[in-house]
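Spelled out, the chains give:
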Amino acid sequence: MLTDPTMEALAAQLEASGDYRVLRRLQVPAGGFVPMPHMKRAVFLDVETTGLDPNVDEIIELAMVPFWYEDSGRIAGVGIGRSALRQPQKPIPAEVTQLTGITPDMVAGQTIDFAAAAQFAGDSLIVAHNAGFDRRFVERFCPQLANNRWACSFSEIPWAAHGFESAKLSLIGQAHGFYYDGHRAVNDCYAGIEILSRGVPAGGTESAMKVLLSSTNSPRRRCRAEGAPFEKKDLLKGRGDRWADGSDGGPKAWWIDIDEAGFHPEMAFLRSDVYGWSAQIRICELNALNRYSDRLHIMPYAIPAN
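Residues numbered from 1 in each chain as written. Predicted model: local features only at pLDDT ≥ 70, side-chain atom pairs only at ≥ 80, totals over all residues. Heavy atoms only, no water.

1. Considerations on the overall build of the protein
What counts is decided by this rule: A run of H or I in DSSP counts as a helix once it spans at least four residues, and a run of E counts as a strand once it spans at least two, with each numbered from the N terminus. Computation of the radius of gyration draws on C-alpha atoms, with the globule rule given as 2.2 Å multiplied by the number of residues to the power 0.38. Under the convention used here, a 1.4 Å probe and the Shrake-Rupley method define accessible areas, while residue burial counts only the protein chains that appear.
What the protein contains, in helices and strands, is ten helices and 13 strands. Taking 306 residues into account, the globule formula puts the C-alpha radius of gyration at 19 Å, and the protein, at 22 Å, falls close to it. Dimensions along the principal axes, computed over C-alpha positions, put the protein at roughly 70 × 50 × 45 Å. When the accessible area of the protein is evaluated, it comes to approximately 15800 Å², of which 53% is carbon and sulfur surface.

Below you can see the structure in the form of structure tokens.
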């Protein structure tokens, strides 16, 4: 990433010793990329907010960076990103300023043109590194983007299985040998796109974007094991189920997202190892249009006897 040949030679010499590892600063693309007709457009999106509750807290920064990819998962080019700040109705909490670096003075009098943001995104695939957080905030303030397909580079790529110690954006970047100025949304977007262009595991031939596209294009089902016996909680947790405490308005239940191939084995497991009988649970169909949103159509499902 460094353009100074002298500095790069020094970095290479340090790395060749085996005693040093050099991190290179992520370089922001200059823009001007002209996509070919077969390439598809996506937008990497990130928001900074006044808190964690999308029903109460507010967006104070929105950033989007367009990029183009091929069906193979190769990222072909990156465009110029845009970022905007917004003054919330309530003061920014001190802990948010400490985390993001966004101060009340920075947002004073600032607004975000969400209609323009929706126009900029168009019908592109939207990628976020925590879409379960970002999408609910964005759809509240910019409901036009509810019709876009969304993907999550945090949850839909099995980073641990690919040898990464953390799914945190900055740490994945370090594993790939680069660092960037964090805490601001647009920087996270550029870093996210760079990570999607890299191989998984680090140095591998399959790009993270290819893994993400495979997940995004595969429908899944969310299974909610309501009324599961309390003594089965460790068994469910050990298999990857998560506990929903009902704070999102949904029922209290253990839940897991599974693909089509894993659905019937999951039902057999619930019947034999959890309930011990043909119980009724709730399921919902997940795809890129509704995943990470509040628009999940939850339906009752009777687990077959055998």
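We are not done yet, so read on.
2. Describing the nonpolar core
Using the following cut-off: Side-chain atoms within 4.5 Å link the members of a nonpolar core, which is a set of buried Ala, Val, Leu, Ile, Met, Phe, Trp, Tyr and Cys residues. Relative accessible area decides the class of each residue, using a 1.4 Å probe on protein chains only: under 20% of the type maximum gives buried, over 50% gives exposed, and in between gives partly exposed. When checking whether two residues touch, look at their non-hydrogen atoms; a contact exists if any pair is within 4.5 Å.
Phe67, Tyr69, Leu125, Val127, Trp159, Leu196 and Met209 are the most contacted members of the largest nonpolar core, which has 34 residues in total. Looking at this core, the elements that each hand over two or more residues are strand E2 (40–49), strand E3 (59–69), strand E4 (75–78), strand E6 (125–128), helix H6 (169–175), helix H7 (185–197) and helix H8 (208–216). The dominant element in this core, judged by the number of residues it contributes, is H7, at eight residues. Among all residues touching Met209, those that are not within four sequence positions of it are Phe67, Tyr69, Gly73, Ile75, Leu125 and Leu196.

3. Considering the packing of aromatic side chains
Filter applied, for reference: Within 6.5 Å between ring centres, the rings of Phe, Tyr and Trp (the latter by its six-membered ring) count as paired, and their orientation is classed by plane angle as stacked under 30 degrees, edge-to-face over 60, tilted in between.
Following the criterion strictly, the structure yields seven aromatic pairs and no others. Measuring from centroid to centroid gives 4.8 Å for Phe133 and Phe137, while their planes differ by 45°, and the two rings are tilted. Taken together, the residues Phe133 and Phe137, both in helix H5 (residues 131–141) and four residues apart, mark about one turn of the helix. Residue classification places Phe137 among the buried residues on the basis of a relative accessible area of 0%. Plain terms: the ring middles of Phe263 and Tyr301 are 5.3 Å apart, the flat faces sit at 70° to each other, and that makes the pair edge-to-face. Here Phe263 is found in helix H10 (residues 260–275), whereas its partner Tyr301 is found in strand E13 (residues 299–302), with 38 residues between them in sequence. By relative accessible area, which is 1% here, Phe263 ends up buried.

4. What about the side chain of Glu58?
Using the following cut-off: Within 3.5 Å is the distance limit for a polar contact, defined as a pair of N or O atoms, with the added protein rule that one can donate a hydrogen and the other accept it, and that residues adjacent in sequence qualify only through two side-chain atoms.
With respect to the helices, strands and loops of the structure, Glu58 is situated in the loop between E2 and E3. One polar contact links Glu58 to Arg86, side chain to side chain, over a distance of 2.9 Å. Those residues within four positions of Glu58 in sequence are excluded, and the remaining contacts are Glu48, Thr49, Thr50, Arg86, Pro88, Gln89, Lys90, Phe137, Arg140 and Phe141.

5. Re the side chain of Arg224
With respect to the helices, strands and loops of the structure, Arg224 is situated in strand E9 (residues 220–225). Classification of Arg224 as buried rests on a relative accessible area of 7%. Dropping the residues within four chain positions of it, Arg224 is found in contact with Pro251, Ala253, Trp254, Trp255, Ile281, Arg282 and Ile298.

6. Remarks on unusual backbone geometry
Cis geometry is adopted by the peptide bond preceding Pro201, which originates at Val200 and carries an omega value of -5°. With respect to the helices and strands, Pro201 occurs in the loop between H7 and H8. Within the chain, Tyr292 stands out as a residue other than glycine whose phi angle is a positive 75°. Tracing the chain through its elements places Tyr292 in the loop between strand E12 (280–286) and E13.

7. Structural notes on the environment of Gln89
Tracing the sequence through the fold places Gln89 in the loop between strand E5 (82–85) and helix H2 (94–100). In sequence terms Gln89 and Ile112 are 23 residues apart; their C-alpha atoms lie 13 Å from each other.

8. Some points on the state of the cysteines
Condition: We call a pair of cysteine sulfur atoms a disulfide when they lie within 2.5 Å.
Tallied over the entire structure, the rule returns zero disulfides. You can see Cys189 has no disulfide; the closest cysteine sulfur is in Cys152, sitting 13 Å from it.

By themselves, these are just geometric observations and shouldn't be taken as functional.
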